[in-house]
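Each chain, written out:
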Amino acid sequence: FSRIFILLLAFLAASTASYADGLAGIKAAGVLKVATSLSVTPYTYTNGEMQPDGSDVATAKQLAKDLGVKLKIVSVPVASRIPMLQTGKADLVISVLSMSPERAKVIDFSRPYSLIREVIIAPRNVAVKGYGDLVGKAVGVTRGTVEDKLVTENAKGAEIKRYEDVATLITAAVSGQVQYVATGLVSLDELNKKTGNRFESKFVMKDFMLAIGLRKGDPELDKWVDQWVQANLENGTLNKIFRRYHHVDLSPEVMNWRK
């Protein structure tokens, strides 16, 4: 029994040490592992050369470059972003990750570097003014997202259909499995390209600040990432990245955010 106990303590100590290495450990390994779900164009997607791309991927590349290490993109489903971070399989999450009190209980956030507008999308000929109009309707969401939470809490009586990523959610809307979609406004263009401009945004659920996710108990990495975001907002680098993919400037809300 004592030998098993000692081995268990050694395992836990090693695990804790590997998580606590943080900034020094990343530099020593020469690799930054970033979890992202390649399913939210133009934030995260796979391009024509079958390579990770998007504004969040470009942000991760710039961060790794400034840290002086190689970038390893860890492609995961949306619902697995935080578990990958918690289990040490990723050092950071840069993946359309919105800040929320629930998530802040289990991970840390950098200061915001971007923003996403969450909306209800439906066919143009359908009248939707608020959550009450979704009662009895099938509403598609991406599992484990803030959209999932917003619809679950506010659209009581709606039939919520959960999909594993945004690409599958859009496919469901295109094929007629769902008429109503709760997702980021950025998905509207892609949806309309595939349906001949049949959909429109009905109402805004909420604007969410996007931040870099970090494991708790890693103050040095927290501080470095926070300072990096602040510096690259001030020098315009993050705005250039955002404009390259979204064709608009970052919201003043991001630039002027204060804790």
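Participant: Would you explain unusual backbone geometry in this entry?
Facilitator: The linkage connecting Thr-41 with the following residue, Pro-42, adopts the cis geometry, with an omega of 5 degrees. Relative to the helices and strands, Pro-42 is located in the loop between β1 (31–36) and β2 (45–46). Its identity as a non-glycine residue notwithstanding, Val-96 has a phi of 50 degrees, on the positive side. With respect to the element layout, Val-96 can be found in the loop between β5 (92–93) and α5 (101–104).

Participant: It is not clear to me how the packing of aromatic side chains should be interpreted in this structure. Could you clarify?
Facilitator: Given two aromatic rings, their pairing is described by the distance between the two centres and the angle made by the two planes. Tallied over the entire structure, the rule returns one aromatic pair. Judged by centre distance (5.2 Å) and plane angle (80 degrees), the rings of Tyr-131 and Phe-203 are edge-to-face. A residue pair is termed long-range when its members are at least 10 positions apart, and Tyr-131 in the loop between β7 (114–123) and β8 (138–142) and Phe-203 in strand β11 (residues 199–210) qualify at 72 residues. Of the two residues, Tyr-131 and Phe-203, neither departs from the other in class, the shared state being buried.

Participant: Could you clarify how one ought to interpret helix α3 (residues 55–67) in this entry?
Facilitator: Its 13 residues give α3 an end-to-end C-alpha distance of 18 Å, which sits within 8% of 18 Å, the value for a rise of 1.5 Å per residue. For α3, the full list of buried residues reads Ser-55, Asp-56, Val-57, Ala-58, Thr-59, Ala-60, Leu-63, Ala-64 and Leu-67. Gly-68 sits one or two residues past α3 and shows a positive phi near 80 degrees.

Participant: Sorry if this is basic, but what is going on with the layout of surface pockets here?
Facilitator: It is a probe the size of a water molecule, rolled over the atoms, that shows where empty space is left. Quantified by volume, the largest pocket comes out at close to 430 Å³. Lining the largest pocket are 21 residues; nearest its centre among them are Pro-42, Leu-185, Val-186, Asp-189 and His-246. Those elements that place two or more of their residues in the lining of the largest pocket are β7, α8 (187–195) and α10 (237–246). Classifying every residue of the lining of the largest pocket by side-chain character gives 10 nonpolar, five polar and six charged. In this model, the second largest pocket occupies a volume close to 250 Å³. Taken together, 13 residues make up the lining of the second largest pocket; nearest its centre are Ser-100, Glu-102, Val-146, Lys-149 and Phe-208. The set of elements that each furnish at least two residues to the lining of the second largest pocket consists of α5, α6 (146–154) and β11. Broken down by element, the lining of the second largest pocket gets its largest block of residues, four residues, from α6. Within the lining of the second largest pocket, the residues separate by chemical class into five nonpolar, three polar and five charged.

Participant: Looking at this structure, how should I read the sheet that holds strand β4 (residues 70–75)?
Facilitator: Note: strands within a sheet are paired through backbone hydrogen bonds, in either parallel or antiparallel orientation. Taken in spatial order, the five strands make up an open sheet running β4-β1-β5-β12-β6, and their pairing is mixed. At either margin of the open sheet sits one strand with a lone partner, and together these are β4 and β6 (108–109). Each of β1, β4 and β5 is contacted by α3, which is oriented at about 145 degrees to β4, the strand it contacts most.

Participant: Help me understand the pattern of salt bridges in this model?
Facilitator: Side chains that carry opposite charge are capable of pairing whenever their charged atoms lie near each other. For the structure shown, the criterion picks out 11 salt bridges. Arg-143 is paired through a salt bridge with Glu-164; the nearest N and O atoms lie 2.7 Å apart. On the criterion of sequence distance, the pair formed by Arg-143 in the loop between β8 and α6 and Glu-164 in the loop between β9 (159–163) and α7 (166–174) is long-range, its members being 21 residues apart. According to the relative accessible area criterion, Glu-164 is partly exposed, its value standing at 39%.

Participant: How do you make sense of the sheet that holds β8 when you look at a structure like this?
Facilitator: Taken in spatial order, the five strands line up as β9-β8-β10-β7-β11 in an open sheet, and their pairing is mixed. Strands at the two margins of the open sheet, each flanked by one partner only, are β9 and β11. Ignoring strand direction, the axes of neighbouring strands in this sheet form an average angle of 20 degrees. For β8 and strand β10 (residues 180–184), the ladder comprises two bridges, and the chain directions are parallel. Looking at the pairing, Gly-140 lines up with Val-181 of β10. Sheet strands touched by α6: β7, β8, β9, β10 and β11. Its angle to β11, the strand with the most contacts, is close to 115 degrees.

Reading the values: rules and limits
- Residues numbered from 1 in each chain as written.
- Predicted model: local features only at pLDDT ≥ 70, side-chain atom pairs only at ≥ 80, totals over all residues.
- Heavy atoms only, no water.
- Helix = DSSP H or I, 4+ residues; strand = E, 2+ residues; numbered from the N terminus.
- Phe/Tyr/Trp six-rings, centres within 6.5 Å; stacked < 30°, edge-to-face > 60°.
- Buried < 20%, exposed > 50% of the residue type's maximum accessible area, 1.4 Å probe, protein only.
- Expected span 1.5 Å × (residues − 1).
- 1 Å grid on protein atoms, 1.4 Å probe; cavity = no way out; pocket = protein on both sides within 12 Å on 5 of 7 lines; lining within 4 Å.
- Points joined across faces, edges and corners; volume = space filled by probe spheres on them.
- Nonpolar A, V, L, I, M, F, W, Y, C, P; charged D, E, K, R; others polar.
- Pairing = 2+ DSSP bridges.
- Contact = heavy atoms within 4.5 Å.
- Axes fitted to C-alpha atoms, helices over the stretch in contact; angles between N-to-C directions.
- Salt bridge = Lys/Arg side-chain N within 4 Å of Asp/Glu carboxyl O.

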